[in-house]
Amino acid sequence: MAGTKRKRQKTEKTGPVVIGSKDFDEVNAASAALEADKDDEEIELESFLFGTSSSASKPQQSSKGKARLNADDAPPAAAAQGPTGLDHVLDEDLFVLDEALPNASDAPTTIPLINEESDNESSTSSSPPASPKSSSTPFPLQSTKKKAAWLDPSDAHLSVSLAADTRLRKLRDAPGEDQIGGKQYESKLRRKFEQMNPTPEWAQSAREKVKKQKGRKRPRDSSATEDEDEPMEEGGGADLDDLLRDTGGVLASKSSRGKALMQGTLDIERLRDANNSAVSEGSVTSAKFHPSPSVPVMMTVGMDRRLRLFTVDGLTNPLLQTLHIPDLPSPSSSSTFHPSGTSILLTSTSRPYFYTYDLQAARAVKSTRGLWHGAPGGEDGQSRSMDVAKFDETDGGRLLAVAGRRGYVHLVDWGTGGGNGGGQVVGSLKAHSPIKDLAWIPPSVNGGAGGSRLMTLTQDAEVYIWDLGTRRCISRWKDEGNFGASVLALSRSGAGASLAVGSSTGIVNLYDSSASSPSTSPTFSVGRETRSPLKVITNLTTAITDAVFDRSSQIMAIASRAKKDQLRLVHTGSMTTFSNWPTSGTPLGTVISVDFSPGSEYLAIGNTRGKVTLWNLKHFILS
């Protein structure tokens, strides 16, 4: 029975109540019963909230204490369903948000109650109220710009006696000057301070630049703000195009870019190791940066016969790829990127062949087996090692020079299949003693002469300069004081010290660009020249095994693997070493490989512990 009753309640239809009907009487009776239960405090609260009078909201009680409202007692407006007087008002104008007044004194002290009857009467006799958004007198905006802290309005009324205080007498312009105002006192103090502390040169130059650029304004349209009327700062306008075209650092102005590195101390900072994400299990024999400045990639080759590629960002240096080549034992230090950046040359100290790794195809190809059969001297002219092999960067890497046995230097044409493991020996050069190192001469060093030139260093410290067009030696001279040559390095610039020759005794001789030029001696065909170095570096006492210039030719790194922590950085302009780095506490280890990034902002040092420490040269980042 209860379930049936509950079901009827759910299915009971509800609809509008008609005034005068039986349902209307029941609703009125229920509402009257609720109103009867309210006390005076509730009725006053309702009248305050809803704007109705307490007498109207309090129902009339019968003698039995029950209120009843008949159809005849209903208000005529409600019964007729007439207009409320708000039909012409928009919906968004029915509610108004409070806004702050400009002055606190304008705010009303009390909140008036809304009377429906007065609103209806006023709406019939007057025009509809205007929207607050369309007000013709908006509140004025107050300026949020702060005043300068050193401005004090009371300074204008200040009076200072210069004669009363002995410390202020020096501010007088005349002996009889005594009382001055606050503004004059401030100007005298400022003038005295500038006399004791002159304006530095950098501040004067900055002020002159601002004065020159006061006439230049940023182009603006009708919607531009007042801030756009300020003079253009340095680096704006035409310099913005140069900034967007350049991939270099943006922390300094354009005028500081290319600034010469100062001697003495070096601003250097250690970063996370370049191969921190994948440390080599043996010594790192070669650590090289990608030749393109826009490709932050480094390759490392270790004694574990693995080639690893890393992204160098100075923070995490994530690992990109690992290549294992079991057929290449004892990788040599000549493993490097091709100058085009599309492939990698992998050589060994105990094998007469090489591998080429194509970065785009991700494929490693071994060189042809009979590569050296057609070379002059045959197999006897090529040693069982490719420890000394370098690309001709001046010609886009078209030729690869490989030091052979008994003073031979073989030229491999890399353009005829060299990148695919093929290649062909197109010529050979012959010196009188075994080749220790070689280097290609940049056009900037040899005076812009056409054709490729090669410089070789023999075991008896003789330097040969070869013209590859004629395959002849055009210059030959003896390194002074060298009795066991080991390393040869050339810079990319012909200014200052551009040639370094290292020896087995730790001595490094520095020469200028004339040492890379053809011989001018008429007796060259029957004898040898002897050239004196510009400077002799004697900071290391063990055999020099690595020497490299940075791309700007302002720093040269020399290292030795005979002892731990044997590395020095040389300032090529002054031909002196930097005194503040490295120190006795610098964790270098036994240095095997050294290389600079294309922008010279990074220095990578590979050691026997399988790590490649990464250092940040801040001068090149800020410039």
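Residues numbered from 1 in each chain as written. Predicted model: local features only at pLDDT ≥ 70, side-chain atom pairs only at ≥ 80, totals over all residues. Heavy atoms only, no water.

## Description of the overall build of the chain
Line of reasoning, step 1. Counting its regular elements, the chain contains 10 helices and 31 strands.
Line of reasoning, step 2. Surface accessibility of the chain: about 37,100 Å² in total, with carbon and sulfur atoms responsible for 52%. (Helix = DSSP H or I, 4+ residues; strand = E, 2+ residues; numbered from the N terminus. Areas by Shrake-Rupley, 256 points an atom, 1.4 Å probe, with all protein chains shown as cover.)

## Structural notes on the nonpolar core
Line of reasoning, step 1. Core analysis: the biggest nonpolar cluster contains 20 residues, and Ile 555, Leu 567, Leu 569 and Trp 581 have the highest contact counts within it.
Line of reasoning, step 2. The set of elements that each furnish at least two residues to this core consists of strand S26 (555–559), strand S27 (567–571), strand S29 (591–596), strand S30 (602–607) and strand S31 (612–617).
Line of reasoning, step 3. Ignoring sequence-local partners within four residues, the contact set of Leu 569 consists of Leu 266, Ile 555, Met 556, Ala 557, Thr 576, Thr 577, Phe 578, Trp 581, Phe 596 and Leu 603.
Line of reasoning, step 4. Counting 17 residues, the second largest nonpolar core, distinct from the first, contains Leu 457, Ala 461, Trp 477 and Leu 490. (Core = buried A, V, L, I, M, F, W, Y, C linked by side-chain atoms within 4.5 Å. Buried < 20%, exposed > 50% of the residue type's maximum accessible area, 1.4 Å probe, protein only. Contact = heavy atoms within 4.5 Å.)

## Structural notes on the pattern of salt bridges
Line of reasoning, step 1. Applying the stated criterion across every chain, the model contains 13 salt bridges.
Line of reasoning, step 2. As a salt-bridge pair, Asp 304 and Arg 308 come within 3.1 Å of each other at their nearest N and O atoms. Taken individually, Asp 304 and Arg 308 each receive the classification buried, so the pair is uniform in this respect.
Line of reasoning, step 3. Note that Asp 327 is salt-bridged to Lys 366, the shortest N-O span being 3.2 Å. Note that Asp 327 is positioned in the loop between strand S7 (319–324) and strand S8 (336–337) and Lys 366 in strand S11 (residues 363–366), a separation of 39 residues in sequence. (Salt bridge = Lys/Arg side-chain N within 4 Å of Asp/Glu carboxyl O.)

## Focus on the side chain of Asp 550
Line of reasoning, step 1. As for its placement among the helices and strands, Asp 550 is situated in the loop between strand S25 (546–549) and S26.
Line of reasoning, step 2. Notably, Asp 550 is buried but unbridged: the nearest opposite-charge side chain belongs to Arg 551, and the N-O separation is 8.4 Å.
Line of reasoning, step 3. In this structure the side chain of Asp 550 is engaged in a polar contact, spanning 2.4 Å, whose partner is the side chain of Ser 552.
Line of reasoning, step 4. Here the side chain of Asp 550 touches Gln 554 through a polar contact of 2.9 Å, landing on its backbone nitrogen.
Line of reasoning, step 5. When residues no more than four places from it in sequence are discounted, the contact partners of Asp 550 are Ile 555, Phe 596, Ser 600 and Phe 620. (Lys, Arg positive; Asp, Glu negative; His and termini not counted. Polar contact = N/O pair within 3.5 Å; in protein donor to acceptor, adjacent residues only side chain to side chain.)

## Quick look at the sheet that holds strand S17 (residues 453–458)
Line of reasoning, step 1. Pairing in this open sheet of five strands is mixed, and the strands run S16-S17-S18-S19-S23 from one edge to the other. Only two strands of the sheet have a single neighbouring strand rather than two, namely strand S16 (435–440) and strand S23 (529–531). Averaged over all adjacent pairs, the angle separating strand axes in this sheet is 30°, with direction ignored.
Line of reasoning, step 2. Note: S16 against S17, five bridges, orientation antiparallel. Its bridge partner being in S17, Asp 437 is matched across the sheet by Leu 457. (Pairing = 2+ DSSP bridges. Axes fitted to C-alpha atoms, helices over the stretch in contact; angles between N-to-C directions.)

## Thoughts on a nonpolar patch on the surface
Line of reasoning, step 1. A cluster of nonpolar side chains, namely Leu 45, Phe 48, Leu 49 and Phe 50, defines an oily patch on the protein surface of about 500 Å² accessible area.
Line of reasoning, step 2. Positionally, Phe 48 belongs in helix H3 (residues 40–50).
Line of reasoning, step 3. On the basis of relative accessibility, which here comes to 57%, the residue Phe 48 falls in the exposed class. (Patch = residues over 30% accessible without salt bridge, like charges linked within 9 Å, V, L, I, M, F, W, Y side chains within 5 Å.)

## Quick word on the environment of Leu 488
Line of reasoning, step 1. Residue position: Leu 488 is located in strand S20 (residues 485–490).
Line of reasoning, step 2. Owing to a relative accessible area of 1%, Leu 488 belongs among the buried residues under this scheme.
Line of reasoning, step 3. Separated by 51 residues in the primary sequence, Leu 488 and Asp 437 place their C-alpha atoms 5.8 Å from one another.
Line of reasoning, step 4. Beyond its immediate stretch of four places on either side in the chain, Leu 488 contacts Lys 390, Asp 437, Leu 438, Ala 439, Met 455, Thr 456, Leu 457, Leu 499, Ala 500 and Val 501.

## A look at the sheet that holds S20
Line of reasoning, step 1. Read from one edge of the open sheet, four strands run S20-S21-S22-S24, paired in antiparallel fashion. Edge positions in the open sheet fall to S20 and strand S24 (535–537), since each of these has one partner strand only. Mean inter-strand twist for the sheet, computed between neighbouring axes without regard to direction, equals 20°.

## Describing the confidence of the model for the chain
Line of reasoning, step 1. Mean pLDDT for the chain: 77, with 67% of residues reaching 70 or above.
Line of reasoning, step 2. Note that pLDDT drops below 50 for residues 7–14; the model gives that stretch zero contacts with residues more than four away or on any other chain.
Line of reasoning, step 3. Predicted confidence is poor over residues 56–81, with pLDDT under 50, and the contacts of this stretch with residues over four places away or in other chains come to 22 contacts. (pLDDT = per-residue confidence, 0-100.)

## Quick look at the environment of Gly 397
Line of reasoning, step 1. Residue placement: Gly 397 occurs in the loop between strand S12 (389–391) and strand S13 (399–403).
Line of reasoning, step 2. For the pair formed by Gly 397 and Pro 339, sequence separation is 58 residues and the distance between their alpha carbons is 5.5 Å.
Line of reasoning, step 3. Once you skip the residues sitting within four places of it in the chain, Gly 397 turns out to touch His 338, Pro 339, Phe 391, Asp 392 and Trp 414.

## Structural notes on a negative patch on the surface
Line of reasoning, step 1. A surface patch of like charges, here negative, comprises Asp 39, Glu 41, Glu 42 and Glu 44.
Line of reasoning, step 2. Considering the arrangement of structural elements, one finds Glu 41 in helix H3.
Line of reasoning, step 3. Assessed through its relative accessible area of 64%, Glu 41 is described here as exposed. (Charge placed at Lys NZ, Arg CZ, Asp CG, Glu CD.)

## A closer look at the packing of aromatic side chains
Line of reasoning, step 1. Taken as a whole and judged by the stated rule, the model has six aromatic pairs.
Line of reasoning, step 2. One aromatic cluster is present, built from ring pairs that chain together Phe 354, Phe 391 and Trp 414.
Line of reasoning, step 3. The aromatic ring of Tyr 353 is capped on one face by Lys 366, whose charged end is 4.0 Å from the ring centroid.
Line of reasoning, step 4. Over the aromatic face of Tyr 408 sits the side chain of Lys 430, whose NZ or CZ is 5.6 Å from the ring centroid. (Phe/Tyr/Trp six-rings, centres within 6.5 Å; stacked < 30°, edge-to-face > 60°. Lys NZ or Arg CZ within 6 Å of the ring centre and 35° of its normal.)

## Examining unusual backbone geometry
Line of reasoning, step 1. In this structure, Pro 582 follows Trp 581 across a cis peptide bond, with omega equal to -5°.
Line of reasoning, step 2. Positive phi, close to 60°, is recorded for Arg 406, a residue that is not glycine.
Line of reasoning, step 3. In this fold, Arg 406 is placed in the loop between S13 and strand S14 (408–413).

## Comments concerning the pairing of S17
Line of reasoning, step 1. Extensive coverage of S17 is indicated by the burial of six of its six residues.
Line of reasoning, step 2. Because side chains alternate across S17, one face comprises the buried residues Arg 453, Met 455 and Leu 457, and the other comprises Leu 454, Thr 456 and Thr 458, equally buried.
Line of reasoning, step 3. Sheet analysis places S17 next to strand S18 (residues 462–467), joined by five bridges and oriented antiparallel. Residue pairing for S18: Thr 456 is matched across the bridge by Tyr 464.

## Overview of the environment of Leu 588
Line of reasoning, step 1. Summarising the element assignment, Leu 588 is placed in the loop between strand S28 (576–577) and S29.
Line of reasoning, step 2. Apart from the residues lying within four places of it in its own chain, the contact partners of Leu 588 are Asp 565, Leu 567, Trp 581, Pro 582, Ile 605, Asn 607, Arg 609 and Trp 615.

## Looking at the side chain of Arg 531
Line of reasoning, step 1. Residue placement: Arg 531 occurs in strand S23.
Line of reasoning, step 2. On the basis of relative accessible area, Arg 531 is assigned to the buried category, the value being 15%.
Line of reasoning, step 3. Polar contacts involving the side chain of Arg 531 include one to the main-chain carbonyl oxygen of Ser 514, which spans 2.5 Å.

## Section: the pairing of S29
Line of reasoning, step 1. The element S29 is extensively covered by neighbouring structure, given that six of its six residues are classed as buried.
Line of reasoning, step 2. Between the end of S29 and the start of S30, which pair antiparallel, lie five residues, with Ser 600 showing a positive phi angle near 65°.

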